[in-house]
Amino acid sequence: MRIMIFSRPHFLFMLLALPSLAQNGVSLDEDDYSQTGNSALLPSTTKLIYNHLSSLSTVFKKDIEKNLGYCVKNVKTDWNGAFNFDGHLEFLTSCIRKTKGDLGHRLCTAAEIKVYFSNFFDKVDKDVHHVGPNQNCNLSYWSPGCEPGWACSTGTSQKVDIKTTIMPSRNKDCEPCCEGFFCPRGLTCMIPCPLGAYCPMASLNRITGVCDPYGYQIPPGKNNHTCGSADSWVPVGEGGELFCSPGSYCPTTTITIPCSSGHYCQMGSTSQTSCFKLTSCPPNTANQNLHAYGIILIVILTTSLLIIVNCSDQALSTRERRAAKRREDAAKHARETAQARHRWKAAQDLSKIRQIGLQEQISRTFSRKKSSKQGGAMESMDKSQTSNDKKDSKDLTNMVRSIDDDPHGHDGFHMKIGDKNIKKNAPKGKQLHTHSQIFKYAYGQLEKEKAMEEDHSNMTFSGVISMATDTDVRSRPVIEVAFKDLTLTLKGKKKHLLRCVTGKLMPGRVSAVMGPSGAGKTTFLSALLGKATGCTRTGSILINGKNESILCYKKIVGFVPQDDTVHGNLTVEENLRFNARCRLSADMPKADKVLVIERVIESLGLQAVRDSLVGTVEKRGISGGQRKRVNVGIEMVMEPSLLILDEPTTGLDSSSSQLLLKALRREALEGVNICMVIHQPSYAMFKMFDDFILLAKGGLTVYHGPTKKVEEYFSGIGIVVPDRVTPPDHYIDILEGIIKPSNNMTHEELPVRWMLHNGYTVPPDMLELCDQIAKGSSDEKTQMGDDMDDHHGVVEEHSFAGELWQDVRCHVELHKDQVHLNFLQSKDLSNRRNPSILRQYRYYLGRVTKQRLREARLQAADLLILLLAGACLGTLAKVDDETFGSTGYTYTVIAVSLLCMISALRSFSLDKLHYMRESASGISSLAYFLSKDTLDLFNTILKPLVYLSMFYFFNSPRSTFEDNYVVLLCLVYCVTGLAYIFAIYLEPSSAQLCSVLVPVVLTLVATQEEQTGLVKYLGRLCFPKWAMEAFIIANAERYSGVWLLTRCASLRQSNYALSHWSLSLSLLILTGVISRFVAYFLLITFQKK
């Protein structure tokens, strides 16, 4: 259809019709302007051509979504970012005028544009910027328009639809390409330059023969051929001549404007951006200098860290001082009240004495006035007087009792503790809420107990009845442990660790287990606790006369290990309080729990150091003896019924040992069954034990009975303890072979003599020793013993392969039993309900928070290292527009992963022994794990913020701070979970090595360009790849317009996709969650003994 202009009405009709025709997709002819040359038609013609170009987005939408979906998220948005020339159509008008209205015949159709970009993405050589042979440019025909920077027309006779999918014949009227367009080599049409490009007409460099600034040459021998416009639109790494230069901005593709002062213009900008305050932005600035903000943040964060480091201890110390002040006031109040009670009791006794004296005096006075005449009358009078005296006495007694019954009245002293009537009216533990009330209650009860202990020596019958009927005294469940023929044999080796041990541990008694090294003392305790792994057990262990597992009573069974597994960064009271909260009954009021803690602190003599840190290897705290007592107190605060201790006095002096044993004897008075392994006790301390168990090498019993009868037994078999020698030391020296008995007895006979003494069954391989005892011949006896040893040597002799196989079997059986023990579910018979997991989680959270606050220096050091790493990497690794900052992000993934993994190791590596002890006592493993992870969430949130505060302002990427923070947040969450696995499953040194190697190796694998085979699949499934993809996607989305091809080329080379941003973050989070599940499984499965 052709529109002819003859008059003004026709012209107005054309102006109204053109937009509607363009919107309806009707092909219009621009020959009107070429035939008339009327400048009034230029705006409408320009708009018409622009509408044709805009309609191409609908033509290519499906192809773009199918082939370029990885780099184009929204076709309309990215198309507008590259070709939305609204308000800047001057270059189209200029080209229409230059081509005399023939621009519509020179624009590339959809078919030609598709050929260009298809050849671009399919090409192998990056330096080749032309398309392959086609019908207009091939080996047989090569028109001037096929040269770079030139274009041809289809001619006015050929009607061309810009949306056509068939390449038209275009070889007429070839001319240089208009500015604002680029004309590829091998195509004879023009394509508009995208926004952010600067496409002026090229100028010929006479010296080099190159058309500057594009770098293509004019064909030789053609003097009429001149330089045109741009020749290609390619990624910036293959040719950046098309891009608007840094320090300038290009509002249109034909205009470049230098950036003014106070603004910056990055490469390919269409407008200038205002700089932040405190930044230096002189004219022609490509990027704002944000180092000032980085320095300010360094100062602020460093100051904040110093404040936190110095104030965290102060805050805890202030809180502890306030608690100590309340405690001291409560103790003072309790002492004063106890003294007042004592004085009031003395006053009561004195009043009773005076009452009795008055009664006797009245009786004597009336007895002198007796006469025979008035005998009957006087007798009746005496009876009346006696009844009156009894009445007066009764009234006086009632008056005293009324004072007792009404202590709040004005007649008596206001007593708050110690009296039965007061006790009835006193608030119970559940009714106490404030700390002062709780402390007053606890110290009042302690003062009462002291007073009762003082009265034990001269207690009257009524006092005994009062104690017996006191309902406030709590009784603990009784545990009696009986064992018969208890034998433990190492699996795979048939070696006896314990053999034929028979006896009983009674409630209310303290038993000592002694013997030489290798006698199986600790193994004996492990067998009683049901924790002897890797062994085959024969014989029986009865609990309260029933064949039940001791694990059914683990909530009321305490075990004190040989090593002092006490938290060094907690105070003495905090260690005891945590165990009391988690292990005492959930039904017990808080005030009663505080009373238990105060009672243990006082009995162990820890009042002076209750607020002192226990101390670690690096930071000294309390003394070794006090630490040992805290180790015992941790089990005492849970009020056990059975208490097992493994060498609790090792490393203590005699006075500290006796103090500890006195505290244990007080526990035994409450019905606790106590058994301990002990070395070299003093004579006085040895006499404090009720029962004595002596084991020989091989786990054989030499003596098991009352301590007071041990010397009598050994004297009966001819072993007399010399003067000034402790009996157990002498017996152990005999069992070690250091001392030989005077009656030609050997130490091998002692276990057999004990069996014969008690009528126990002697094992068959020890019957020869019975014959030796019967014969009493030492020479023959020694010879037989030698023969027996030789026989045993022959039996146990194995080849190297056999011994290796036995060791492997033993190791496997040991781990198998440990896993079985960790998952063993026993019926709870302790009748104690521990706090819920949620409440234990709260207790753990409070404890871990205190520990982290006291380790504030370590936390500050971690954050300071991240600050320095962010500043250094942000300065060294500048953003590369070609790769969208992949170098800096690679360094970021390695540095952040490495530093965060190493710091996260401390969460579980440093307190493995503490966890094993707590979990064995029944404390929730889930609460422990969740509390650690919850506190680490603080680091997960803070550390990306600290690192980015330096890296972002020194590196200045185009992506937003929020996008980078979200990616780093997910990355830190992921690597923290992986660090948990290393910390729990591996030794500390191995865990640190893995934390260094894993991020580095996986990042190198993920960023390797040419991946094949296993490396290719490993690169897709490692967390650095997901983090790198999320970083680069967030940055690449900020590159639009002229950067579109660069974005597609870079993402295609890295095998990334814009739509994978959420997927990458989800995979990082999922990896973190799965890692935590795996870490928790390892925590409860592979506990070490």
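Quick note: structure is the one above.
So, here is what we can say about the structure in this document. (Residues numbered from 1 in each chain as written. Predicted model: local features only at pLDDT ≥ 70, side-chain atom pairs only at ≥ 80, totals over all residues. Heavy atoms only, no water.)

1. Topic: the overall build of the protein chain
Counting its regular elements, the protein chain contains 37 helices and 20 strands. Buried residues in the protein chain amount to 49% of all 1089 residues. Taking as baseline every contact in the protein chain between residues at least 6 positions apart, the subset at least 24 positions apart corresponds to 73%. Entry remark: accessible area of the protein chain is about 53,300 Å², with carbon and sulfur atoms responsible for 57%. (Helix = DSSP H or I, 4+ residues; strand = E, 2+ residues; numbered from the N terminus. Buried < 20%, exposed > 50% of the residue type's maximum accessible area, 1.4 Å probe, protein only. Contact = heavy atoms within 4.5 Å. Areas by Shrake-Rupley, 256 points an atom, 1.4 Å probe, with all protein chains shown as cover.)

2. As for the sheet that holds strand 6 (residues 210-212)
Overall, antiparallel pairing links the 3 strands, which are arranged 5-6-7 in an open sheet. A single partner strand is all that each edge strand has here, and the edge strands are strand 5 (203-204) and strand 7 (216-217). Taken together, the 2 bridges between strand 6 and strand 7 define a ladder with antiparallel strand orientation. Bridged to Cys211 within strand 7 is Tyr216. (Pairing = 2+ DSSP bridges.)

3. Observations regarding the sheet that holds strand 20 (residues 700-706)
The strand order 16-17-18-14-19-20 describes an open sheet built from 6 strands, whose pairing is mixed. At either end of the open sheet lies a strand with only one pairing partner, and these are strand 16 (557-560) and strand 20. Geometrically, the sheet is characterised by an average inter-axis angle of 15 degrees between neighbouring strands, direction not taken into account. For strand 17 (residues 642-646) and strand 18 (residues 673-677), the ladder comprises 5 bridges, and the chain directions are parallel. Note that in strand 18 the partner of Leu643 across the bridge is Ile674. Contacting strand 14 (510-514), strand 16, strand 17, strand 18 and strand 19 (691-696), helix 14 (residues 521-529) crosses the sheet at an angle of about 155 degrees to strand 17. Sheet contacts for helix 21 (residues 727-736): strand 14, strand 19 and strand 20; angle to strand 19, the most-contacted strand, approximately 15 degrees. (Axes fitted to C-alpha atoms, helices over the stretch in contact; angles between N-to-C directions.)

4. Quick word on the packing of aromatic side chains
Taken as a whole and assessed by the stated rule, the structure comprises 37 aromatic pairs. Between the aromatic rings of Tyr713 and Trp754, the centroid separation amounts to 5.2 Å while the plane-to-plane angle is 90 degrees, which identifies the pairing as edge-to-face. A residue pair is termed long-range when its members are at least 10 positions apart, and Tyr713 in helix 20 (residues 710-716) and Trp754 in helix 22 (residues 749-758) qualify at 41 residues. The class for Tyr713 is buried, based on a relative accessible area of 10%. Look at Phe908 and Tyr980: their rings are 4.9 Å apart centre to centre, the planes differ by 75 degrees, and that puts the pair in the edge-to-face class. Here Phe908, found in helix 29 (residues 906-909), pairs with Tyr980, found in helix 32 (residues 961-985); they are 72 residues apart in sequence, far enough to count as distant. Across the pair, exposure class does not vary: Phe908 and Tyr980 are buried alike. Over the aromatic face of Phe578 sits the side chain of Arg847, whose NZ or CZ is 4.2 Å from the ring centroid. (Phe/Tyr/Trp six-rings, centres within 6.5 Å; stacked < 30°, edge-to-face > 60°. Lys NZ or Arg CZ within 6 Å of the ring centre and 35° of its normal.)

5. Considerations on the pattern of salt bridges
Within the structure shown, the criterion is met by 28 salt bridges. The salt bridge partner of Asp862 is Arg906, with a shortest N-O separation of 2.4 Å. Note that Asp862 is positioned in helix 27 (residues 856-876) and Arg906 in helix 29, a separation of 44 residues in sequence. On the basis of relative accessibility, which here comes to 15%, the residue Asp862 falls in the buried class. In this structure Arg906 comes out as partly exposed when scored by relative accessible area, which is 25%. (Salt bridge = Lys/Arg side-chain N within 4 Å of Asp/Glu carboxyl O.)

6. With respect to the packing of helix 31 (residues 925-955) against helix 37 (residues 1061-1085)
Their axes nearest at 11 Å, the elements helix 31 and helix 37 cross at an angle of 140 degrees. Here helix 31 lies oblique to helix 37, going by the angle between them. Helix 31 and helix 37 meet at a crossing whose hand is right-handed. On the side of helix 31, the interface is formed by Ser925, Leu926, Tyr928, Phe929 and Asp933, while helix 37 contributes Arg1076, Ala1079, Tyr1080, Leu1083 and Ile1084. Class assignment of the residues belonging to the contact of helix 31 with helix 37 gives a composition of 7 nonpolar, 1 polar and 2 charged. (Parallel < 35°, antiparallel > 145°, perpendicular 65-115°, else oblique. Left-handed = near helix turned anticlockwise from the far one by under 90°. Nonpolar A, V, L, I, M, F, W, Y, C, P; charged D, E, K, R; others polar.)

7. Topic: the state of the cysteines
Under the definition given, this model contains 11 disulfides. Sulfur-sulfur distance for the disulfide between Cys71 and Cys1048 comes to 2.0 Å. Its S-S torsion of about 80 degrees marks the bond between Cys71 and Cys1048 as right-handed, since a negative value means left-handed. Note that Cys71 is positioned in the loop between helix 4 (56-67) and helix 5 (75-83) and Cys1048 in helix 36 (residues 1044-1054), a separation of 977 residues in sequence. Residue classification places Cys71 among the buried residues on the basis of a relative accessible area of 0%. Across a sulfur-sulfur distance of 2.1 Å, Cys244 and Cys250 are joined as a disulfide pair. The sign of the 85 degrees torsion about the S-S bond sets the Cys244-Cys250 disulfide as right-handed. Each member of the pair, Cys244 as well as Cys250, is classed as buried. (Disulfide = S-S within 2.5 Å.)

8. Considerations on the environment of Leu306
Topologically, Leu306 is positioned in helix 9 (residues 291-367). Taking C-alpha positions, Leu306 is 8.8 Å from Arg857, a pair spaced 551 residues apart along the chain.

9. Some thoughts on helix 6 (residues 90-98)
Residues of helix 6 that are buried: Phe91, Leu92, Thr93, Cys95 and Ile96. Phi for Lys100, located one or two positions after helix 6, is positive at around 60 degrees.

10. Notes on the packing of helix 28 (residues 886-904) against helix 35 (residues 1023-1036)
At a minimum axis separation of 10 Å, helix 28 and helix 35 run at an interaxial angle of 140 degrees. Classed by the angle they form, the pair helix 28 and helix 35 counts as oblique. Like other packed secondary-structure pairs, helix 28 and helix 35 cross with a definite hand, here right-handed. Where helix 28 abuts helix 35, its residues Ser886, Tyr889, Thr890, Thr892, Val893 and Ser897 lie against Phe1023, Pro1024, Ala1027, Met1028, Phe1031, Ile1032 and Asn1035. Each residue belonging to the contact of helix 28 with helix 35 can be placed in one class, and the counts come to 8 nonpolar, 5 polar and no charged.

11. Focus: the pairing of strand 19
The buried fraction of strand 19 is high, at 6 of 6 residues. Side chains of strand 19 alternate between two faces, with Asp691, Ile693 and Leu695 and Phe692, Leu694 and Ala696 buried alike. Where strand 14 meets strand 19, 4 bridges bridge the pair, whose relative direction is parallel. When the sheet's bridge partners are listed, Met514 is paired in strand 19 with Leu694. Summarising the sheet, strand 19 and strand 20 pair through 6 bridges and their orientation is antiparallel.

On their own, these measurements won't tell you what the molecule is for.
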